[in-house]
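Below, each chain spelled out in residue letters.
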Amino acid sequence: MPKKIVAGNWKMNKTLEEANILASEVKAMVEDEVKGDTLVILCTPSLFLLPIKNILGNNSRIFVGAQNCSEHESGAYTGEISAGMLKSVNVPYVILGHSERRQYFGENGALLAKKVDIALKHNLTPIFCCGEPLDVRESNGHETLVKQQVAESLFHLDAPALQKVVIAYEPVWAIGTGKTASAQQAQDMHAVIRKHIASKYGQDVADSISILYGGSVNDGNAKELFACPDVDGGLVGGASLKSREFTEIAKSI
Ligand code: PEP
């Protein structure tokens, strides 16, 4: 069974004081209200990972995650943060391949394969993002592109390594736009991704991997999206910056 996960991507938002308040509120609400075994992950700016981790404490349900890591082990890479550094402060998750990283920082499939490798080497769980831009969806190339994104960055892994990865399908046209994929569009693509994994690794491996949907998830649409059989949770941007709304989303699984 794939884990049920709701991850918040705070992107480059909040001051330390605001971040502390948000994390404290989310922690209290999630502890009180989120039932079952849903995992909640707060992907904060790197600078805030440690203070937020301290606020969350030794919680078995809520964790911090980074939004990126370097493909290099260490060295003269000014401004970068390595997977080993994240591991050394016990950060368990890292988002890799977010469309904003692909678009603004030129990250491609081969680079992301290296980032996935180094994250796994340091026992971090990558939350690997894939998804098509609007023009590709409109020309009906979305399935081909997303299958290619998954294959070029993940299919060099053996099955046990792949099973440590969380996949997030995030159609670029739905990120930060308020335009969500319909539940049917999300389900269709998640099923395509799972089938693609099954074709290489077998059905049991495919069935064990969490595939999250991301793209304008909010407290009004989360229930319908999460009810889809192949949607195992969400990666949430804007709505993760509001404690009440994010908690309602986490309760929707
Ligand atoms: C994201 O940044 O991963 C995301 C899905 O953003 P939003 O929820 O704001 O569309």
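What this report covers is the structure whose coordinates are included nearby. (Residues numbered from 1 in each chain as written. Predicted model: local features only at pLDDT ≥ 70, side-chain atom pairs only at ≥ 80, totals over all residues. Heavy atoms only, no water.)

### Some thoughts on the overall build of the protein chain
In step 1: A count of helical and extended segments in the protein chain gives 12 helices and eight strands.
In step 2: Its C-alpha radius of gyration of 17 Å places the protein chain within 12% of the 18 Å reference for a compact globule of 253 residues.
In step 3: The principal-axis extent of the C-alpha atoms belonging to the protein chain is close to 45 × 45 × 35 Å.
In step 4: The burial tally for the protein chain puts 53% of its 253 residues in the buried class.
In step 5: Working note: accessible area of the protein chain is about 11100 Å², and carbon and sulfur atoms make up 51% of it.
In step 6: Of note, the protein chain has its 25 positive side-chain charges centred 3 Å away from the centre of its 29 negative side-chain charges. (Helix = DSSP H or I, 4+ residues; strand = E, 2+ residues; numbered from the N terminus. Rg over C-alpha atoms; globule rule 2.2 N^0.38 Å. Buried < 20%, exposed > 50% of the residue type's maximum accessible area, 1.4 Å probe, protein only. Areas by Shrake-Rupley, 256 points an atom, 1.4 Å probe, with all protein chains shown as cover. Lys, Arg positive; Asp, Glu negative; His and termini not counted. Charge placed at Lys NZ, Arg CZ, Asp CG, Glu CD.)

### Digging into the environment of glutamate 107
In step 1: Along the chain, glutamate 107 turns up in the loop between helix H4 (99-105) and helix H5 (109-121).
In step 2: A relative accessible area of 6% means that glutamate 107 is categorised as buried.
In step 3: Taking the C-alpha atoms as reference points, glutamate 107 and isoleucine 197, separated by 90 residues in sequence, lie 22 Å from one another.
In step 4: Not counting residues up to four positions away in its chain, the partners in contact with glutamate 107 are Asn68, Gly97, Arg101, Arg102, Leu112 and Lys115. (Contact = heavy atoms within 4.5 Å.)

### So, the site of the ligand
In step 1: Taken together, 14 residues surround the ligand, and among them Lys11, Glu170, Gly176, Ser216 and Gly237 come closest.
In step 2: The separation between an oxygen atom of the ligand and a polar side-chain atom of histidine 98 is 2.8 Å.
In step 3: When the ligand sits alone it has 290 Å² of accessible area, and the protein chains cover 96% of it.
In step 4: Residues of the shell around the ligand, tallied by class, amount to four nonpolar, eight polar and two charged. (Near = heavy atom within 4 Å. Polar contact = N/O pair within 3.5 Å; in protein donor to acceptor, adjacent residues only side chain to side chain. Nonpolar A, V, L, I, M, F, W, Y, C, P; charged D, E, K, R; others polar.)

### Re the side chain of aspartate 232
In step 1: Positionally, aspartate 232 belongs in the loop between helix H11 (222-226) and strand E8 (233-236).
In step 2: Within polar-contact distance, the side chain of aspartate 232 engages the backbone nitrogen of isoleucine 211 at 2.9 Å.
In step 3: Not counting chain neighbours up to four residues away, the residues in contact with aspartate 232 comprise Pro2, Lys3, Lys4, Ile5, Arg194, Ile209, Ser210, Ile211, Leu212 and Ile253.

### Some remarks on helix H2 (residues 49-56)
In step 1: Within the sequence span of H2, burial applies to Leu49, Ile52 and Leu56. One face of H2 carries all of its buried residues, which in axial projection span an arc of 75 degrees.
In step 2: Packed against the buried residues of H2 are helix H1 (16-33), strand E2 (39-43), strand E3 (62-66) and helix H3 (83-88).
In step 3: Positive backbone phi, at 65 degrees, marks glycine 57, one or two positions downstream of H2. (Arc of directions from axis to C-beta.)

### A short note on the sheet that holds strand E4 (residues 93-96)
In step 1: Pairing is parallel in the closed barrel, where eight strands are placed in the order E1-E2-E3-E4-E5-E6-E7-E8. With strand direction ignored, the average angle separating the axes of adjacent strands in the sheet is 25 degrees.
In step 2: Where strand E1 (residues 5-9) lies against E8, four bridges are found, and the strand directions are parallel. Among the inter-strand pairings, valine 6 is bridged to a residue of E8, identified as glycine 234.
In step 3: The sheet strands contacting H2 are E2 and E3, and the helix crosses E3 at an angle near 175 degrees.
In step 4: Contacts from helix H7 (residues 142-154) reach strand E5 (125-130) and strand E6 (166-169) within the one sheet, and its direction differs from that of E5 by about 150 degrees. (Pairing = 2+ DSSP bridges. Axes fitted to C-alpha atoms, helices over the stretch in contact; angles between N-to-C directions.)

### A short note on the pairing of E5
In step 1: Most of E5 sits inside the fold, with six of its six residues counted as buried.
In step 2: Because side chains alternate across E5, one face comprises the buried residues Thr125, Ile127 and Cys129, and the other comprises Pro126, Phe128 and Cys130, equally buried.
In step 3: As paired elements, E5 and E6 share four bridges and run parallel to each other. Bridge pairing in E6 links cysteine 130 to tyrosine 169.

### A word on the nonpolar core
In step 1: Counting residues in each nonpolar core, the largest one holds 68 residues, and the members touching the most others are Leu42, Leu154, Ile193 and Ile197.
In step 2: Counting residues per element, this core draws most heavily on helix H9 (residues 183-201), which supplies eight residues.
In step 3: Ignoring sequence-local partners within four residues, the contact set of isoleucine 197 consists of Phe155, Leu162, Ile167, Gly202, Val205, Ala206 and Ile209.
In step 4: Grouped together as the second largest cluster of nonpolar side chains are 13 residues, Cys43, Cys129, Ala168 and Leu235 included. (Core = buried A, V, L, I, M, F, W, Y, C linked by side-chain atoms within 4.5 Å.)

### What to know about the environment of methionine 85
In step 1: Along the chain, methionine 85 falls in helix H3.
In step 2: The partly exposed category is assigned to methionine 85, whose relative accessible area is 45%.
In step 3: Residues methionine 85 and aspartate 188 lie 103 residues apart in sequence; the distance between their C-alpha atoms is 37 Å.

Spatial relationships are all this shows, so hold off on functional conclusions.
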